[in-house]
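Close look at the chain arrangement
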Amino acid sequence: MTVDPGAELELLLRGAVTSGVSSAASAWIWHDGRVVACAATGVTRADSGQPVCPDTLFDVASLTKPLAAAVAARLVAASLADPEEVVVSDPQATLTQVLSHRAGFEAWRPIHELVDGRLVGTEQARRAVIREAGLIPRKQPDTRTEYSDLGFICLAHWLEQRCKKGLVQALLDDVTGPLGLVHTHYRPHGRTGDVPDEAVAATEIVSRRGGLIQGAVHDDNAFAMGGVSAHAGLFSTASDMGRFAVATLEACEKGGWLERSVARWFARPVAKGCRTPGWDVKSPEGSSAGNSFGTNSFGHLGFTGCSLWVDPEERLVACLLTNRIHPTSTNEAIRTFRPLFHDRVHELALESP
């Protein structure tokens, strides 16, 4: 009997929603040159939300990082610079060290608490967050890998200086524009574009933020920066994020949107077992990518419940977007669901005619 991958994927997502993983879920699967399946189910908020469709926007949280890193990669290609020598911050850390989380930055600090609430979202507040991130004492670069939002906050400042434009425009010019990712963008305070807040997958209920967060970035440091940073802030769809990963994979194979040598630098670990410049790599055990994705797979997770994984050997891309932190971030059911999802997706892709 022929398996319908679209129906199977929808069934898988529906099970996640009904079991309490999230109120909304969307997924997009690509294998060896074609879209195998896409599906979306649930509602944008648990109490009175709109039905989810493939174009529903999700706060992709740290999936912002690979796209910000891609802006840096395009800069490297344009300037013919060596990313091992490009200095991003002081004390000196190279672009490769910052992007691969080996620049010595701490993981995170609630810098937003240092910003006057009346300034949140203003350019003054944004400068204050970037300044404070850069002032936090660091360990010696390349001594360890420590996943850091702070490093990418500093990266945002560096990118804007080098590009001589804001991060919103830099992303449009170098990534989302060339790749046609029309649903991927920041939602700066007070500017929602064509999509009203009510149509965006909701995240957490946070009393100090006024209750339910819907249509605004969940990450507090990014929120204090007006919703625009290199570590978080983007909203997107499963198809857009998946197409970004496909473009990265194809550039590694034959160039194009990124030069082949730069794309391979972007997607390969800097050292054994370490992250790549902008991506995570598959852990030998307990990976969110499950058991079936290959050992050379690369990808990224987002705190809100999003993931994007690439298996270069199988030429397989899987994007899963959920709002697992709605209505509370204490919901950890996604940890069990993610590896099951990726194992099933791997089966569907290889079984599909």
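Structural data are supplied above this passage.
This report concerns the structure included in the present document. As the structure is a computational prediction, the values presented were derived from the model and not from experiment.

Let's talk about the packing of aromatic side chains
To describe a pair of aromatic rings, one takes the distance between the centres and the angle between the planes. One pass over the structure, following the stated rule, counts five aromatic pairs. With a centroid separation of 5.9 Å and 75 degrees between ring planes, the pair formed by Phe-244 and Trp-257 is classed as edge-to-face. Of this pair, Phe-244 sits in helix 8 (residues 238-254) while Trp-257 sits in the loop between helix 8 and helix 9 (260-267), placing them 13 residues apart in sequence. Residue class for Phe-244 comes out buried when judged on its relative accessible area of 0%. Relative to Phe-341, the ring of Phe-337 lies with its centre 5.9 Å away and its plane at 40 degrees, an arrangement referred to as tilted. With Phe-337 and Phe-341 both in helix 10 (residues 334-351), this residue pair falls four residues apart, about one helical turn. Each of the two residues, Phe-337 as well as Phe-341, counts as buried. A cation over an aromatic ring shows up here: Arg-187 above the ring of Phe-235, its NZ or CZ 5.7 Å from the ring centre.

Some remarks on the sheet that holds strand 13 (residues 316-322)
Here six strands make up an open sheet; going across it, the order is 2-1-13-12-11-10 and the pairing antiparallel. At either end of the open sheet lies a strand with only one pairing partner, and these are strand 2 (34-42) and strand 10 (280-281). Pairing of strand 12 (residues 306-311) with strand 13, which is carried by five bridges, proceeds in the antiparallel orientation. Looking at the pairing, Ser-307 lines up with Leu-320 of strand 13. On top of the sheet, helix 8 reaches strand 1 (24-31), strand 11 (298-302), strand 12 and strand 13; it is set at about 30 degrees to strand 1, its chief contact.

Topic: the environment of Leu-258
Here Leu-258 lies in the loop between helix 8 and helix 9. Residues Leu-258 and Gly-233, 25 residues apart in the sequence, show an inter-C-alpha distance of 23 Å. Apart from the residues within four sequence positions on either side, Leu-258 is in contact with Ala-73, Arg-74, Ala-251, Ala-263 and Phe-266.

Thoughts on the pairing of strand 12
The element strand 12 is extensively covered by neighbouring structure, given that six of its six residues are classed as buried. The side-chain alternation of strand 12 yields two buried faces, one formed by Cys-306, Leu-308 and Val-310 and the other by Ser-307, Trp-309 and Asp-311. Here strand 11 folds back onto strand 12, and the loop between the two strands holds three residues, one of which, Gly-305, carries a positive phi near 115 degrees. Between strand 12 and the antiparallel strand that follows it, strand 13, lie four residues; Arg-315 among them carries a positive phi value of about 55 degrees.

Let's talk about the nonpolar core
By size, the foremost hydrophobic cluster in this structure holds 80 residues, and its most contacted members are Leu-95, Leu-155, Trp-158, Val-175, Phe-244 and Leu-308. No other element matches helix 2 (residues 64-79), which puts ten residues into this core. Counting residues in each nonpolar core, the second largest holds 22 residues, with Leu-12, Val-21, Ala-27 and Ile-334 among its members.

Considerations on the sheet that holds strand 3 (residues 58-59)
In spatial order, the strands read 3-9-6; together these three strands make up an open sheet with antiparallel pairing. What marks the edges here is a single partner per strand, and that holds for strand 3 and strand 6 (185-186). Here strand 3 runs beside strand 9 (residues 234-236); their pairing, made up of two bridges, is antiparallel. Paired with Asp-59 across the strands is Phe-235, a residue of strand 9.

Focus on the pattern of salt bridges
The tally for this structure, following the rule as stated, stands at 19 salt bridges. Here Arg-118 makes a salt bridge to Asp-116, at a shortest N to O gap of 2.7 Å. Arg-118 sits in the exposed class, given a relative accessible area of 72%. Residue classification places Asp-116 among the partly exposed residues on the basis of a relative accessible area of 33%. Salt bridges linked by common partners bring Glu-8, Arg-344 and Glu-347 together as one network.

A closer look at the packing of helix 1 (residues 5-18) against helix 10
Packing of helix 1 against helix 10 brings their axes to within 11 Å, and their N-to-C directions diverge by 170 degrees. Here helix 1 lies roughly antiparallel to helix 10, going by the angle between them. Between helix 1 and helix 10, the contacting residues are Pro-5, Glu-8, Leu-9, Leu-12, Leu-13 and Ala-16 on the first element and Phe-337, Phe-341, Arg-344, Val-345 and Leu-348 on the second. Taken together, the residues of the contact of helix 1 with helix 10 break down into nine nonpolar, no polar and two charged.

Observations concerning the state of the cysteines
The final tally for this structure, using the stated rule, is zero disulfides. The closest cysteine sulfur to the non-disulfide-bonded Cys-306 is located on Cys-319, 7.1 Å from its own sulfur.

Structural notes on the environment of Ser-62
Summarising the element assignment, Ser-62 is placed in the loop between strand 3 and helix 2. Put simply, Ser-62 and Gly-49 are 13 residues apart on the chain and 24 Å apart in space, counted from C-alpha to C-alpha. Here Ser-62 is in contact with Tyr-147, Asp-149, His-231, His-300, Leu-301 and Gly-302, once residues within four sequence places are set aside. A distance of 2.7 Å separates the side chain of Ser-62 from the side chain of Lys-65, its partner in a polar contact.

Criteria and thresholds
- Residues numbered from 1 in each chain as written.
- Predicted model: local features only at pLDDT ≥ 70, side-chain atom pairs only at ≥ 80, totals over all residues.
- Heavy atoms only, no water.
- Phe/Tyr/Trp six-rings, centres within 6.5 Å; stacked < 30°, edge-to-face > 60°.
- Helix = DSSP H or I, 4+ residues; strand = E, 2+ residues; numbered from the N terminus.
- Buried < 20%, exposed > 50% of the residue type's maximum accessible area, 1.4 Å probe, protein only.
- Lys NZ or Arg CZ within 6 Å of the ring centre and 35° of its normal.
- Pairing = 2+ DSSP bridges.
- Contact = heavy atoms within 4.5 Å.
- Axes fitted to C-alpha atoms, helices over the stretch in contact; angles between N-to-C directions.
- Core = buried A, V, L, I, M, F, W, Y, C linked by side-chain atoms within 4.5 Å.
- Salt bridge = Lys/Arg side-chain N within 4 Å of Asp/Glu carboxyl O.
- Parallel < 35°, antiparallel > 145°, perpendicular 65-115°, else oblique.
- Nonpolar A, V, L, I, M, F, W, Y, C, P; charged D, E, K, R; others polar.
- Disulfide = S-S within 2.5 Å.
- Polar contact = N/O pair within 3.5 Å; in protein donor to acceptor, adjacent residues only side chain to side chain.

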